[in-house]
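Understanding the architecture of this molecule
Spelled out from the first residue to the last, the chains are:
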Amino acid sequence: MTVSNGSDAPGRADHQTERVEQGAGMPDWEKRFRAPRVSLPDWAEDAPERSLFVSNATGTYELYAWDRSTDEQRQVTHRPNGTTDGVLSPDGEWIWWFDDKDGDEFGVWRRQRFPGGEDELAAPGLDPSYPAGLALGRDGRTAVVGRSTDEDGTTIHLARTGEPPVELYRHRESAGVGDLSYDGSLIAVEHTEHGDAMHSALRVMRPDGTTVAELDDTAGGTRESGLEVLGFAPVAGDTRLLVGHQRRGRWEPLVWDVATGKETDLALDLPGDVSAEWYPDGTGLLVAHGFEARGELFRYDLTERRLVRIPTPRGAVSGATARPDGSVEYLWSWAAQPPAVRSTTGGVVLDPPGMKSPGSVPVEDVWVEGPGGRIHALVQKPAGATGPLPTVFDIHGGPTWHDSDSFAAGPAAWVDHGYAVVRVNYRGSTGYGRAWTDALKHRVGLIELEDIAAVREWAVGSGLSDPARLILTGGSWGGYLTLLGLGTQPDTWAMGIAVVPVADYVTAYHDEMEALKAMDRTLLGGTPEEVPERFEASSPLTYVDRVTAPVYISAGVNDPRCPIQQIENYVKRLESRDAVHEVYRYDAGHGSLVVDERIKQIHLELDFARRHLPA
């Protein structure tokens, strides 16, 4: 494999020497961030030798085009703050990419021809917005573009080359483009018109905006079961839509023929959440099964209704795709080994040049009884170390997400410096059933902290953790829980490190992007004006004067998810009483795609801990 930016790249024989030279004298934790990585390549349905992937090979995450027939690769986007949102058209002729300003997620779609050339506005006539889904037609000139703004709510448009865009859908609540059928005659939309942003309903429309069919599992007043679009069958004239549902309390796939209304329930006998995508000939499904922080793959034959396991190593499968020859490519890693794009034909599909990432230590699974049921935690500690150890509780974001047995450079950096790391899949996390994910309603933040407290009690009681040296940290929702935990559990934590957090929930609600406002209304049961007591109880600002531990906060000044002003409000309260704190502001959005910037942030966090954690 070669990566080209307009000049010849070194051949394979030079890569090992280059890797050694680049890593000389560099600590392992930094190598893990600098080592080039690649995403799972997306490929064009009608031109499968053309692929698109994301890599940090230049030190910034950008989009790359890959012609598999020649093994030629080129960098598509070149932006100071990086680019990761891109889509390859089914004919392989165009690469669409989302152009925002310095990470604020508000912008327009541009496109560039696969072989290269100038960028052009992909959908002229559509004003800048937050993206709300995109589906491209096989004819090379049709796109369905979803948009979200504070003024309009969600709008969905049909955009054809040379014609003005036509609005197909508009609603105040959040919605998004699901998929476009093979022949372009059907458009699937996910929507939350019922007001529950955690559980979508589905609508299938024609290109003229008329409705063909509806599927809504939120009817009947319970609103506790959601649906998601997994994709139309990749066959001409086929009206089957693959749908994810939660009817049995977890995510599973079903096949819905939108023309006849027939639903085929697959009823797969797998204990965790299940997703799927079509094999290219439409005869089977590639099934991704996630259970207890790990993943595996299966093929499901729709004719024989038979499930066959696809061998993959133990660990996390964070993406997979079935190729036209029947092989499967998947992105795999585990906590001790960096990610790689593998194929069922054997070997690694993409091996980027440059230094290789060092591995880390494996995770230990811990189950702790909590107030809402058994809590799953993942624990890492330095090899051979015995407790009690200084311990970092690294809390994931989302909240509808989960930590898995996958490679993570951040936790590995703490382990390298002598810390144990504990990650908690608290109530609200995905992968443990719908009831676990949906448990956050109304007592937002406080419920998650109850689970974290139960795991903390286990960590201290087991001898793993030194109770005087416990660090609470996390990014996004994890940063929010960090600040909330420092205020509601002030005698527990020796330090807090909050990355792009929610700090003042009311101000955050008014300043954040529209889709997140809908989510907050669902979680808390209304707006700050309608349920002020819930926002107050769940806001870190309410408890800021109780914080006694040193606090480190990093924030992106262009962040639309956890906006900067609400963080400044929290910091001013810390300043007013001379509380020990440091704030780092950087010129990006909800995190950085620049490797140097990410390394700088980790260095600042480690240094803050070195200076302020009790010896």
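In this report, the structure presented in the accompanying data block is examined. These numbers were taken from a predicted model, which means no experiment stands behind them.

What counts, and where the lines are drawn
- Residues numbered from 1 in each chain as written.
- Predicted model: local features only at pLDDT ≥ 70, side-chain atom pairs only at ≥ 80, totals over all residues.
- Heavy atoms only, no water.
- Helix = DSSP H or I, 4+ residues; strand = E, 2+ residues; numbered from the N terminus.
- Polar contact = N/O pair within 3.5 Å; in protein donor to acceptor, adjacent residues only side chain to side chain.
- Salt bridge = Lys/Arg side-chain N within 4 Å of Asp/Glu carboxyl O.
- Buried < 20%, exposed > 50% of the residue type's maximum accessible area, 1.4 Å probe, protein only.
- Contact = heavy atoms within 4.5 Å.
- Pairing = 2+ DSSP bridges.
- Axes fitted to C-alpha atoms, helices over the stretch in contact; angles between N-to-C directions.
- Parallel < 35°, antiparallel > 145°, perpendicular 65-115°, else oblique.
- Nonpolar A, V, L, I, M, F, W, Y, C, P; charged D, E, K, R; others polar.
- Core = buried A, V, L, I, M, F, W, Y, C linked by side-chain atoms within 4.5 Å.

Okay, the side chain of Arg74 next. Locating Arg74 in the fold gives a position in strand β4 (residues 72–75). One polar contact links the side chain of Arg74 to the main-chain carbonyl oxygen of Arg113, over a distance of 3.0 Å.

Considering all chains together, one arrives at 45 salt bridges under this definition. For Arg113, the salt bridge identified is with Glu93, shortest N-O distance 4.0 Å. Residue Arg113 is located in strand β7 (residues 107–113), and its partner Glu93 is located in the loop between β5 (86–88) and β6 (94–100); the two are separated by 20 residues in the primary sequence. Residue Glu93 is classed as partly exposed on the basis of its relative accessible area of 31%. Bridged by salt links that share partners, the residues Glu49, Arg68, Arg323 and Glu329 form one connected network.

Here the focus is the environment of Tyr552. Relative to the helices and strands, Tyr552 resides in strand β35 (residues 551–556). Separated by 53 residues in the primary sequence, Tyr552 and Glu605 have C-alpha atoms spaced 7.5 Å apart. The residues contacting Tyr552, other than those within four sequence positions of it, are Gly496, Ile497, Ala498, Glu582, Tyr584, Gln601, Leu604, Glu605 and Phe608.

Note that strand β29 (residues 364–370) and strand β30 (residues 373–380) share 7 bridges and pair antiparallel. Across the sheet, Trp367 pairs through a bridge with His376, a residue of β30. What sits between β29 and β30 in their antiparallel hairpin is a turn of 2 residues.

Here His78 shows up in the loop between β4 and β5. Spatially, the C-alpha atoms of His78 and Thr58 are 9.8 Å apart, while their sequence positions differ by 20 residues.

Moving on, we come to the packing of helix α5 (residues 446–461) against helix α6 (residues 477–488). Axis separation between α5 and α6 bottoms out at 10 Å; the angle between their running directions is 75°. Taken as axis vectors, α5 and α6 run roughly perpendicular relative to one another. Of α6, the residues touching α5 (which contributes Leu446, Glu448, Leu449 and Ile452) are Trp477, Leu481, Leu484, Gly485 and Thr488. The residue inventory of the contact of α5 with α6, partitioned by class, reads 6 nonpolar, 2 polar and 1 charged.

Before going further, it helps to spend a moment on the pairing of strand β11 (residues 153–160). Among the 8 residues that make up β11, 7 are buried, leaving the element largely enclosed by the rest of the structure. The pairing of strand β10 (residues 142–149) with β11 spans 8 bridges and is classified as antiparallel. For Gly146, the partnering residue across the bridge sits in β11 and is Ile156. With 5 bridges connecting them, β11 and strand β12 (residues 166–171) associate as antiparallel partners. For Thr155, the partnering residue across the bridge sits in β12 and is Arg170.

With that settled, the discussion passes to the nonpolar core. Counting 58 residues, the largest nonpolar core has Phe393, Ile452 and Tyr570 as the members making the most contacts within it. Sort the elements by how many residues they give to this core and α5 lands first, with 7 residues. Discounting residues that sit within four places of it in the chain, Tyr570 has contacts with Leu483, Ala503, Pro540, Leu541, Val544, Val547 and Ile553. Ala409, Ile497, Ile599 and Ile602 belong to the second largest nonpolar core, which has 27 residues in total.

Bringing the sheet that holds strand β18 (residues 240–245) into the picture now. Ordered in space as β17-β18-β19-β20, the 4 strands form an open sheet in which the pairing is antiparallel. The open sheet has two edge strands with one neighbour each: β17 (227–232) and β20 (263–265). For this sheet, the mean angle separating the axes of adjacent strands, direction not counted, is 30°. Note: β17 against β18, 5 bridges, orientation antiparallel. The partner of Glu228 across the bridge, within β18, is Gly244.

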